[in-house]
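Reading the structure
Listed below, chain by chain, are the residues.
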Amino acid sequence: MSYILDTDIGVDPDDIIALDLCLRNNLPLLAVTTCFRNTLTKAKIAKIFLNSHRHQVPVHYGKNSPRAGLDWTLKLGFPETLGELDGNETLEVYPGATDFILNASKKEKITLLCIGPLTTIAECIRQDKNFASRVKAAYIMGGVFDRKALGMPWPENNFGSDPDAARTVLGAKMKSYLLPADITWKVLIGPDKIKAIIERDKSKLISIEINRWREFHKIKMLKMHDPLTVAAAIDPGLCHFEYQRFDLNDTGEIILKADGKLEAEVCTGFEKRFFEML
Ligand SMILES: [Ca+2]
């Protein structure tokens with residue numbers, strides 16, 4: 001069984017921590033693909049990190065998400081590139097995330113780890129009506145059932161950046177495991193765990209991303225949205241899921257509905273051993 005990680009690495013540091021988790025668990029990755037915005041830059045960030053682990057997996061970048069410009073981190077002036085890219089202009093990364101995923105799915109059953117907006121995956125479904133049936137499973141971080149209850153000040157980024165893509169993917173009859181913000185928002189790690197993660201990273205990219213994010217938000221804790229999502233695939237008993245049908249609005253909010261057009265196994269909780277994996 002092979003995996004493809006589709007990521008918006010380079011904003012919230014939980015993406016690079018999720019990639020680190022894949023590598024440390026020797027997950028057989030066929031490729032890393034990048035989504036959301038500035039996907040070429042994101043591909044280079046992923047490649048630098050993979051190179052630092054002597055990992056030869058190819059990196060393909062996809063198209064930007066149609067609503068990526070509405071993202072709140074952009075509005076608040078979050079810096080878009082890492083200084084580490086200077087001098088790395090010759091890194092070998094490739095376009096064509098959609099083509100890569102489509103071709104890979106024709107050769108073997110793949111599992112998708114979707115930790116960014118679903119723009120590329122939706123494009124695969126729109127281009128090839130048999131794609132969804134060839135995917136073994138998709139683990140998807142995105143959406144929120146009750147934003148107010150969480151005190152979440154912004155729309156959920158992954159579904160809010162491309163709600164049409166989210167609807168296409170979750171309406172495609174693919175075996176989808178959804179990890180909504182209602183669960184992941186509460187998955188926090190503190191300074192001791194963050195220090196341990198930073199210290200073992202030879203690339204220093206994790207440290208750069210974490211420090212930049214914590215300074216920007218003036219926070220000490222980090223939310224592990226994406227690491228929990230890939231951990232659910234690595235350790236199938238880790239998360240508890242319940243089948244749900246629902247609809248989705250344009251701000252990434254999920255509305256439960258018995259006759260909803262969308263469906264997924266939705267995460268309702270997880271085992272605490274997750275924190276030992278980090
Ligand atoms: Ca992400």
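Quantities reported herein were computed from a predicted structural model and do not represent experimental measurements.

**Considering the nonpolar core**
The biggest cluster of nonpolar side chains holds 75 residues, and the ones touching the most others in it are Leu19, Ala46, Leu113, Cys114, Tyr139, Val169 and Ala232. Contact partners of Leu113, with chain neighbours within four places excluded, come to Tyr3, Ile4, Leu5, Asp6, Tyr139, Thr229, Val230 and Ala233.

**Here's the deal with the pairing of strand E6 (residues 176-179)**
Here E6 shows two buried faces, one formed by Ser176 and Leu178 and the other by Tyr177 and Leu179. As defined by bridge partners, strand E5 (residues 135-141) adjoins E6 across four bridges and the pair is classed as parallel. In the sheet register, Met141 faces E6, and the bridge partner there is Leu179.

**Focus: the sheet that holds strand E11 (residues 262-270)**
Pairing within the open sheet is mixed, and its nine strands lie in the order E3-E2-E1-E4-E5-E6-E11-E9-E10. Pairing within the sheet leaves two strands with one partner each, and these edge strands are strand E3 (59-61) and strand E10 (254-256). The mean angle between the axes of side-by-side strands here comes to 30°, regardless of whether they run parallel or antiparallel. Most of the contacts of helix H9 (residues 163-170) go to E11, to which it runs at about 95°, and overall it touches E6, strand E9 (239-248) and E11.

**Looking at the pairing of E5**
Among the seven residues of E5, six are classified as buried, and the element is accordingly described as predominantly covered. In this sheet, E5 lies alongside strand E4 (residues 110-115) in parallel orientation, the contact comprising five bridges. Directly across from Leu113, in E5, lies its bridge partner Tyr139.

How each quantity is defined
- Residues numbered from 1 in each chain as written.
- Predicted model: local features only at pLDDT ≥ 70, side-chain atom pairs only at ≥ 80, totals over all residues.
- Core = buried A, V, L, I, M, F, W, Y, C linked by C-beta atoms within 7 Å.
- Buried ≥ 20, exposed ≤ 12 C-beta atoms within 10 Å, placed from the backbone.
- Contact = placed C-beta atoms within 7 Å.
- Helix = DSSP H or I, 4+ residues; strand = E, 2+ residues; numbered from the N terminus.
- Pairing = 2+ DSSP bridges.
- Axes fitted to C-alpha atoms, helices over the stretch in contact; angles between N-to-C directions.

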